[in-house]
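# Examining the three-dimensional arrangement
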Amino acid sequence: RPQCTFDSPTRLRHGRATLQPANRSSRSPRAILFRESVRSRLDVTCRHGEILLAGPTLTAYQPCIVCGDARGPVETADVPSNVRAFRDQRFAVWRCSGCRSIHARDEVDLASYYAAYPMHGEGGGAAMRAFFGVQRRRLRAAGLANGATVLDYGCGAGAFVRYLEGARVTATGYDAFAPAYADRGALARSYDAVVVQDVIEHVDDPSALLAELDGLVRPGGLVLIGTPDADAIDLRRVARFTHALHAPYHRHILARGELVRRGESLGWSLVRLYRSHYANTARPFLNARFVHHYLRTRDNTLDAALDPPRIGVRLLLDPRTYVFGLFGALAPPREDVCAVFQKPAAEVR
């Protein structure tokens, strides 16, 4: 059994420890931490010599890679994967005390996980074309003109690239994990707009990615970033947010406000901010609320969204199927955000 050392009286029972501050009036740092975090009692799990908490933790962590805050996590959680091949595995995440972004705690062999990544087989059926239409309208609303050049950075199988080719723009795709689009020559030129949908949360250094995007967009051009919103994810209810957390692929999930601050720090101006994923249309049964409901009637994995549709008895008999299918677009899930920035135009001399 792992050894855990505390300044407070401790009882170990079946691998769990109940901690109580010995002296609530004590002014030692650890006593203050107990008072502020747990008041009178806190249950923790001891595993592999580490203290794991449902909320604040005493484990030492690296400073937040996004904001640099070194106070450690305000909460932690163990998250199951939402990819079918790895659904029995769990991965630790933690939330920054400063910017409230969510980070993966442990390094993993991402190449082995991406080898079985279902989105690399993403198609371009009628439903996806309807969803892509939302993305295109968001770009148009921000000022994208006909004939513009667009880079889809992190394009997967290139479905959005192919869709844009028929939407009066010149589209290029890049994805380091998709062999058909892994040519870095696409990054050697600049574009009128760069779309970064469900990408920034996958990279090891979000700030470095933002700096790279700044070099890829022309002066006056647009940068569209779609990503989960850490502020909207409740780590006490990880089953509810399995898809937004998307372990182990999501390495750093930025809070909405921090994403805006990072963009503005590069001189970009925020043009539009959407509090929903692009997969949300007014068409019956083609909205994010219904998609989440449908996945829960299956095995609640990302793979189920790409499998051939299956209309089971559970789905048909659930009244929410029809409520969400017909009206779900009016109340989409709020754990995703889409920020559209504009890079400053070149100075006139």
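Summary of the structure given here. These numbers come from a predicted model, not from an experiment. (Residues numbered from 1 in each chain as written. Predicted model: local features only at pLDDT ≥ 70, side-chain atom pairs only at ≥ 80, totals over all residues. Heavy atoms only, no water.)

### So, the overall build of the protein
What counts, and what does not: The numbering of helices and of strands both runs from the N terminus, where a helix is a DSSP run of H or I of at least 4 residues and a strand a run of E of at least 2. Here the term buried applies to any residue with accessible area under 20% of the maximum for its type, exposed to any over 50%, and partly exposed to those in between, with areas from a 1.4 Å probe on protein chains only. Whether two residues are in contact is decided by their heavy atoms: any pair within 4.5 Å suffices. Surface accessibility in these figures is a Shrake-Rupley result with a 1.4 Å probe; residues are shielded only by whichever protein chains are displayed.
Along the backbone of the protein there are 11 helices and 14 strands. Going through the 349 residues of the protein one by one, you find that 50% of them count as buried. For the protein, restricting intrachain contacts to residue pairs at least 6 apart in sequence, the fraction spanning at least 24 positions comes to 67%. For the protein, the accessible area works out to roughly 17200 Å², and carbon and sulfur atoms hold 51% of it.

### Topic: the sheet that holds strand E5 (residues 73-80)
For clarity, the threshold we go by: The criterion for strand pairing is that DSSP finds at least two bridges linking the strands in question.
As summarised here, the arrangement of the four strands in space is E5-E6-E7-E12, forming an open sheet in which the pairing is antiparallel. Edge strands, defined here as strands with exactly one partner in the open sheet, are E5 and strand E12 (252-253).

### As for helix H3 (residues 126-141)
Definition in use: What a helix should span is 1.5 Å times the count of its residues minus one.
When the terminal C-alpha atoms of H3 are compared, their 23 Å separation across 16 residues agrees well with the 22 Å that a helix rising 1.5 Å per residue should span. Within H3 the residues assigned to the buried category are Met-128, Ala-130, Phe-131, Phe-132, Gly-133, Val-134, Gln-135, Arg-138 and Leu-139. The elements touched by buried residues of H3 are helix H4 (159-165), strand E10 (191-197), strand E11 (217-228), strand E13 (269-274) and strand E14 (336-342). Where H3 ends, the next residue or the one after it, Gly-143, has phi of about 115 degrees, a positive value.

### Regarding the pattern of salt bridges
The condition that has to hold: Each salt bridge in this description consists of a side-chain nitrogen of Lys or Arg and a carboxyl oxygen of Asp or Glu lying within 4 Å of one another.
In the structure shown here, the tally under the stated rule is 17 salt bridges. Two residues, Asp-299 and Arg-84, come together in a salt bridge whose shortest N-O distance is 2.7 Å. Placement of the pair is Asp-299 in the loop between helix H8 (288-297) and helix H9 (302-306) and Arg-84 in the loop between E5 and strand E6 (90-96), with a sequence separation of 215 residues. Note on Arg-84: relative accessible area 31%, which makes it partly exposed. The partner of Asp-234 in a salt bridge is Arg-236, and the shortest N-O contact between them spans 3.1 Å.

### Some words on the packing of aromatic side chains
This is how the line gets drawn: Here the aromatic set is Phe, Tyr and Trp, taking the six-membered ring for Trp, and pairing holds for ring centres within 6.5 Å; pairs whose planes are under 30 degrees apart are stacked, those over 60 apart are edge-to-face, and all others are tilted.
For the coordinates displayed, the defined rule picks out 15 aromatic pairs. A ring pair is formed by Phe-91 and Tyr-113, whose centres lie 5.8 Å apart and whose planes are at 80 degrees; its orientation type is edge-to-face. Within this pair, whereas Phe-91 is found in strand E6, its partner Tyr-113 is found in helix H2 (residues 110-114), the two being separated by 22 residues in sequence. Across this residue pair, the class does not change: Phe-91 and Tyr-113 are buried. Geometrically, the ring pair formed by Tyr-114 and Phe-177 is stacked, given 4.2 Å between the ring centres and 25 degrees between the ring planes. Within this pair, whereas Tyr-114 is found in helix H2, its partner Phe-177 is found in the loop between strand E9 (170-174) and E10, the two being separated by 63 residues in sequence.

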